[in-house]
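Descriptive structure summary
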Amino acid sequence: MEDDPVLAYHQASKHAPYRYAPGPGYLDWANQPDPFRRFPGTAQELLPLAHGCSDPPFVTLWQQRTLPPQPLHAGSLSYLLAYSLGLAVWKLYGQNRWALRCHPSSGNLHPIEANLLAADPFAGVLHYSARDHLLERRWQPSQPAHWRSLFPPGCFAIALSLVHQRESWKYGLRSYRYCQLNLGHAAAAVAFAAAALGWQTAIAWQLGDQKLATMAGLQEWSSVEKEHPGLLLTLSTQTHPPAFSWSALAESVAQHPFLDQPSPLAAQKLPVWPGIDAVSSACHKADGGCFAGEEKSVWPPLTPSSCTLSAATLLRGRRSGQAYDPRPVLSQASFFRILDRLLPRAGLPPWDLLPEAARVHPVLLVHRVADLPPGRYLLLRDPQQLALWQTLLPADTAWQPVAAAPAHLPLFLLKEEPCAEQAALISCQQEIAADGFFSLALLADFAQGLAKGAWGYRALHWEAGIIGQVLYLAAEEEGVRGTGIGCFFDDLFHQWLGVTDNRLQTIYHFTIGMPIADQRIQTTHPYAHLPKERLDYQPA
Ligand SMILES: Cc1cc2nc3c(=O)[nH]c(=O)nc-3n(C[C@H](O)[C@H](O)[C@H](O)COP(=O)(O)O)c2cc1C
């Protein structure tokens, strides 16, 4: 593994019992990174919290394109951003007050910044400030008519970038992986909020990092932390995804530079991790180099749940469980519905983000699901991979299809055994993995994923993050809760599963259970700190 810089990074960033991946060793609270970047001096476009859009039931998002597209205007853009990248709630405990967002983030450190590229309703490149729900005008076209001509009607883009140092401040070398997982979560969060508006979202897979950096104004600021290209989301209110000319957009932006300077993120510039810079360079994505669409499995429509929450309520209400009750049992129907939502159905959010067949598959550690023996299971998200996976897992694997599951669900019992203790141990001794109804490990096929180049390492983590976001929302839909788990003992899990071939690597863990609320923590509305006239509710 060590000859390849990406695989060497992956190996070096593994946690093992008594040997965690290199980290800072302590938390430098005096130099804690600010999760909110601002561009002082830029003109602001306030987004209306009273967005005026219809808010459909969340369950309609799982039906094929049934929602009429809402027109693109400041209100619909506000809905999109508020319920994907916006604040979800403020939490208060003693003297501490912190904001959570609609999309999760390892350590709530939020490495992602978002820049809107649009002709309508605002022309130019505008940074989204989640804290104040406004756009900062960073770049304006000098030739508005030409700029406008570059955007097909009803289409715009959102560039997601990463401040690695926000995560490495706490998690050190391993945090590059977390940054990429966070990107997957955020991309899926945007795709879901867009779907509630009847819009489509895609990832601009043809676009290279260089052009993305140009278009989003990611420059080498001498006194503040650098932003690294993440991915570009293209959105469309039309029935077909937009076809942009990236070269023309990048050329247009490059014609006159961004002159803005963001505010610093910490009292002193945050330390750089050379190992992260090295893997980031190795994973550089050039333009093009994309894949022909693969033939994907076709799945029957999803079974509806009885959830009655609106899309906005569910998307904003998504939370990570901090502790789970180890007693309740999950119904089989809920369990199968959650798993069914992980099958990459074409035309449904967020699966249209991923043009390739599934590369990432969950191994489930089932603890308490009604009438299902505890044990290890596999949901093969692409059944065409079955023969391959049978060669990769140990010869004594049961491969028993789960008879009670819907016929189309490629769910296999691999081995019947109690595995709660093992689940906690593997997840860095975190009890949440044992106390949930089930936990899971997302196993990625590195041979397939990296065949398109080293940047495929990033794409595998995006896929895992996208799956994680679906798990979070599917759990909420069933009235239970999920938690992403980035801290796990990689090779201990591989050994437990009996996987010896390095091509299969676990890249993200997750748990779903019945949450225990922490009564000591108070909550307030996410935008209670804004001036009264901007609020869409009457403060008490
Ligand atoms: C990539 C990733 C890794 C995470 N790892 C862990 C973990 O190991 N343990 C844990 O308790 N929570 C973990 N979380 C959950 C975060 O702590 C949580 O998202 C964050 O505190 C914000 O809370 P929220 O999800 O309720 O908005 C992880 C989240 C993400 C996205």
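Because the structure is predicted, anything quoted here is derived from the model rather than measured.

Right, let's talk about the overall build of the protein chain for a bit. Helix and strand content of the protein chain: 16 helices and 17 strands. For 540 residues, the compact-globule formula gives about 24 Å, and the C-alpha radius of gyration of the protein chain, at 22 Å, lands near that figure. Considering only C-alpha atoms, the protein chain reaches an extent of 65 × 55 × 50 Å along its principal axes. Buried positions account for 50% of the 540 residues belonging to the protein chain. The contacts in the protein chain between residues at least 6 apart in sequence include a share of 80% that link residues at least 24 apart.

This next bit is on the sheet that holds strand β17 (residues 522–524). Reading across from one edge, β3-β2-β17 is the order of the three strands in this open sheet, with antiparallel pairing throughout. With one partner strand each, in any of the chains shown, β3 (96–101) and β17 form the two edges of the open sheet. Averaged over all pairs of adjacent strands, the angle between strand axes in this sheet comes to 30°, irrespective of strand direction. Looking at chain direction, strand β2 (residues 87–93) and β3 are connected through six bridges and run antiparallel.

A word on the packing of helix α4 (residues 164–171) against helix α5 (residues 175–196). Between two packed helices, both the angle of their axes relative to each other and the distance between the axes serve to describe the pair. It is the contact of α4 with α5, at a shortest axis distance of 8 Å, that shows an interaxial angle of 130°. Classified by the angle between their axes, α4 and α5 sit oblique to one another. Taken as a pair, α4 and α5 cross one another with a handedness that is right-handed. On α5, the residues that touch His164, Glu167, Ser168 and Tyr171 of α4 are Ser175, Tyr176, Tyr178 and Cys179.

With domains assigned, the protein chain is organised as domain 1 (18–25 + 36–273) and domain 2 (311–513). Between the C-alpha centres of domain 1 and domain 2 there is a distance of 27 Å. Elements that contribute at least two residues to the side of domain 1 that touches domain 2 include exactly α5 and β8 (200–203). In terms of residue class, the side of domain 1 that touches domain 2 is built from 23 nonpolar, eight polar and three charged.

With that settled, consider the site of the ligand. If you check the shell around the ligand, you find 20 residues, and the closest are Pro104, Ser106, Ser320, Gly484 and Gly486. Contributions of two or more residues to the shell around the ligand are made by β3, α5 and β15 (481–485). Considering each element in turn, the shell around the ligand owes the most residues, four residues, to α5. Taken together, the residues of the shell around the ligand sort by class into seven nonpolar, eleven polar and two charged. Here the shell around the ligand spans two domains, since at least three of its residues come from each of domain 1 (18–25 + 36–273) and domain 2 (311–513).

What follows covers the nonpolar core. Within the largest apolar cluster, 155 residues are counted, with the highest numbers of intra-cluster contacts made by Leu160, Ala187, Val190, Phe192, Ala193, Leu233 and Leu442. Top element by residues in this core is α5. It accounts for 16 residues. Looking at which domains feed residues into this core, each of domain 1 (18–25 + 36–273) and domain 2 (311–513) gives three or more. Look past the residues within four positions of Leu442 in its chain and what remains in contact with it is Val360, Pro362, Ala464, Ile467, Thr506, Ile507 and Tyr508.

Right, let's get into α4. Judged by how many residues are buried, α4 sits mostly within the fold: seven of eight residues are covered. The set of residues buried in α4 consists of His164, Gln165, Arg166, Glu167, Ser168, Trp169 and Tyr171. On the buried face of α4, the contacting elements are β7 (155–162), α5, β9 (228–236) and α8 (274–282). Two residues or fewer past α4, Gly172 is found with a positive phi of approximately 60°.

Attention shifts here to unusual backbone geometry. Note: most peptide bonds trans; most residues except glycine with negative phi. That bond from Asp120 to Pro121 is cis: its omega, -5°, falls within 30 degrees of zero. Counting through the fold element by element, Pro121 comes out in the loop between β4 (112–118) and β5 (124–129). Backbone geometry places Tyr18, a non-glycine residue, at a positive phi of 65°. Looking at where Tyr18 falls in the secondary structure, it is placed in the loop between α1 (5–12) and β1 (43–46). What makes Tyr18 exposed here is the crowd of 6 C-beta atoms within 10 Å. The phi torsion at Cys428 lies on the positive side, around 50°, for a residue other than glycine. Within the secondary structure, Cys428 sits in the loop between α12 (420–426) and α13 (432–435).

Here the focus is the environment of Leu442. Tracing the sequence through the fold places Leu442 in strand β14 (residues 438–445). With 330 residues separating them along the chain, Leu442 and Ile112 place their C-alpha atoms 22 Å apart.

Across the sheet, which stays open at both edges, the seven strands sit in the order β12-β13-β11-β10-β14-β16-β15 with antiparallel pairing between neighbours. Two strands close off the open sheet at either side, each with one partner strand: β12 (400–401) and β15. Where β12 lies against strand β13 (residues 411–416), two bridges are found, and the strand directions are antiparallel. By the bridge assignment, Gln400 is partnered in β13 with Leu413.

For the rest of this paragraph, the subject is the pairing of β2. Remark: two residues form the turn of the hairpin made by β2 and β3, two consecutive strands paired antiparallel; Gly94 in that turn has positive phi of roughly 60°. Of the pairings in the sheet, the one linking β2 to β17 comprises three bridges and is antiparallel in character. Paired with Leu92 across the two strands is Gln522, which belongs to β17.

The pairing of strand β11 (residues 375–379) with β13 spans five bridges and is classified as antiparallel. Within β13, the position partnered with Tyr377 by the bridge is Leu413.

Reading guide: rules and limits
- Residues numbered from 1 in each chain as written.
- Predicted model: local features only at pLDDT ≥ 70, side-chain atom pairs only at ≥ 80, totals over all residues.
- Helix = DSSP H or I, 4+ residues; strand = E, 2+ residues; numbered from the N terminus.
- Rg over C-alpha atoms; globule rule 2.2 N^0.38 Å.
- Buried ≥ 20, exposed ≤ 12 C-beta atoms within 10 Å, placed from the backbone.
- Contact = placed C-beta atoms within 7 Å.
- Pairing = 2+ DSSP bridges.
- Axes fitted to C-alpha atoms, helices over the stretch in contact; angles between N-to-C directions.
- Parallel < 35°, antiparallel > 145°, perpendicular 65-115°, else oblique.
- Left-handed = near helix turned anticlockwise from the far one by under 90°.
- Domains from an automatic or database assignment.
- Nonpolar A, V, L, I, M, F, W, Y, C, P; charged D, E, K, R; others polar.
- Near = placed C-beta within 6 Å.
- Core = buried A, V, L, I, M, F, W, Y, C linked by C-beta atoms within 7 Å.

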